[in-house]
Amino acid sequence: MDEFVQSLRHPFPPSVWKQWIRQLLPSLCWKCGGVLGGKTYHDPASPFLCLSCLKELPWMDSQYHCRQCGNRTAEPDRLRCSECMEEVWDLYESRSGFEYTDLIRDWILRLKFYGQEHLAPLLGRLLALNFQNNNWLEKYDSVVPIPLHSSRLRKRGFNQSLLLTHHFSKNLVEYTHPIFPHWLRRTRATRPQTELPLAERLVNLDNAFAASPEVQNRSILLLDDVMTTGSTLNAAARCLLDAGADKVGALVLCRRMWDASDNLYGEA
Ligand SMILES: [Zn+2]
Ligand SMILES: [Zn+2]
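Keep in mind the model is a prediction, meaning the values are calculated, not measured.

### Brief notes about the overall build of the protein
Right, so step 1: Secondary structure assignment for the protein yields nine helices and eight strands.
Right, so step 2: A burial count over the protein gives 49% of its 268 residues as buried.
Right, so step 3: Taking the intrachain contacts of the protein between residues at least 6 apart in sequence as the baseline, contacts between residues at least 24 apart amount to 68%.
Right, so step 4: Of the roughly 13500 Å² of accessible surface on the protein, 52% is carried by carbon and sulfur atoms.

Right, here's the structure in full:
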């Protein structure tokens with residue numbers, strides 16, 4: 001019986017009859033199983049995590065990160081960390097909602113590789129929680145999700161970045177920027193940067209994107225699920241700037257953090 005009740009916890013109950021039965025049961029915290037109250041899975045205001053689980057999430061501190069690469073820093077308000085001091089990126093800035101811990105990684109893998117698209121609204125909502133009553137988004141006038149190449153899109157059936165962007169935007173109370181998925185496309189399938197040796201990494205993303213002329217004079221926020229090296233987002237920013245965009249920043253759900261002594265490329 002316990003297992004049956006567990007199976008009704010969102011985000012796992014996709015079938016209609018389970019959703020109907022769920023109306024009769026209290027909502028449980030997605031992480032710890034504690035009772036949340038009367039909200040249901042389909043209620044956009046459903047909290048889905050209890051307050052203590054929400055507090056335990058690896059929220060990114062808006063001050064303690066490198067403005068250029070988004071990596072965690074020891075001191076607040078660093079324009080560039082020691083790792084990226086040598087190089088000026090095309091991205092105006094990078095920011096993430098969360099650190100890439102095992103918990104967030106599990107959610108993202110389930111969304112991307114196990115077809116659990118119903119996680120997208122919850123993750124988009126979590127990312128939006130970072131920006132309520134916050135004017136950081138004001139400097140951008142449009143949002144562009146990082147596109148997938150058509151071959152990968154066919155295989156996966158959806159672009160997780162587009163889904164996240166949609167639900168992120170939908171959950172913002174004050175700023176709703178229009179989303180333009182067609183402004184950027186992948187011209188060829190590239191291998192993940194983390195799988196390649198340095199020499200190949202440097203050329204892997206050359207001309208990997210193409211931008212629409214509509215980007216001219218726009219301030220664009222790129223949105224993606226995970227940032228590891230930042231090279232994909234930076235290549236996308238370069239392409240948009242070449243096409244006439246005014247400014248391009250990046251926002252990701254989570255970023256892999258590392259210290260200078262860590263092996264950054266140890267894990268995808
Ligand atoms: Zn909980
Ligand atoms: Zn940096």
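### Notes on the sheet that holds strand E3 (residues 94–99)
Right, so step 1: In space, the four strands of this open sheet follow the order E3-E8-E7-E4, with parallel pairing throughout. Unpaired on one side and paired on the other, E3 and strand E4 (142–145) mark the two borders of the sheet. Put simply, the sheet's adjacent strands are angled 25° from each other on average, direction ignored.
Right, so step 2: Here E3 runs beside strand E8 (residues 247–255); their pairing, made up of five bridges, is parallel. Residue Glu-99 lies in a different strand from E8, and its bridge partner there is Arg-255.

### Quick look at the side chain of Asp-225
Right, so step 1: Looking at the secondary structure, you find Asp-225 in strand E7 (residues 219–227).
Right, so step 2: There is a polar contact of 3.4 Å between the side chain of Asp-225 and the side chain of Gln-160.

### Considerations on the nonpolar core
Right, so step 1: Residues Leu-49, Leu-126 and Phe-168 are the most contacted members of the largest nonpolar core, which totals 37 residues.
Right, so step 2: Elements supplying a minimum of two residues to this core: helix H3 (51–56), helix H4 (102–113), helix H5 (119–129), helix H7 (160–170), E7 and E8.
Right, so step 3: Both domains that meet at this core, namely domain 1 (2–55) and domain 2 (57–266), each give it at least three residues.
Right, so step 4: If sequence neighbours within four positions are ignored, Leu-126 has contacts with Phe-48, Leu-49, Leu-54, Leu-57, Trp-59, Phe-98 and Trp-107.
Right, so step 5: Grouped together as the second largest cluster of nonpolar side chains are 28 residues, Cys-66, Cys-69, Ala-237 and Val-248 included.

### Here's the deal with a nonpolar patch on the surface
Right, so step 1: On the surface, a cluster of nonpolar side chains totalling about 370 Å² of accessible area is made up of Trp-20, Leu-24 and Leu-25.
Right, so step 2: Structurally, the position occupied by Trp-20 is in helix H2 (residues 16–22).

What counts and how
Residues numbered from 1 in each chain as written. Chains lettered and ligands numbered in written order. Predicted model: local features only at pLDDT ≥ 70, side-chain atom pairs only at ≥ 80, totals over all residues. Heavy atoms only, no water. Helix = DSSP H or I, 4+ residues; strand = E, 2+ residues; numbered from the N terminus. Buried < 20%, exposed > 50% of the residue type's maximum accessible area, 1.4 Å probe, protein only. Contact = heavy atoms within 4.5 Å. Areas by Shrake-Rupley, 256 points an atom, 1.4 Å probe, with all protein chains shown as cover. Pairing = 2+ DSSP bridges. Axes fitted to C-alpha atoms, helices over the stretch in contact; angles between N-to-C directions. Polar contact = N/O pair within 3.5 Å; in protein donor to acceptor, adjacent residues only side chain to side chain. Core = buried A, V, L, I, M, F, W, Y, C linked by side-chain atoms within 4.5 Å. Domains from an automatic or database assignment. Patch = residues over 30% accessible without salt bridge, like charges linked within 9 Å, V, L, I, M, F, W, Y side chains within 5 Å. Salt bridge = Lys/Arg side-chain N within 4 Å of Asp/Glu carboxyl O.

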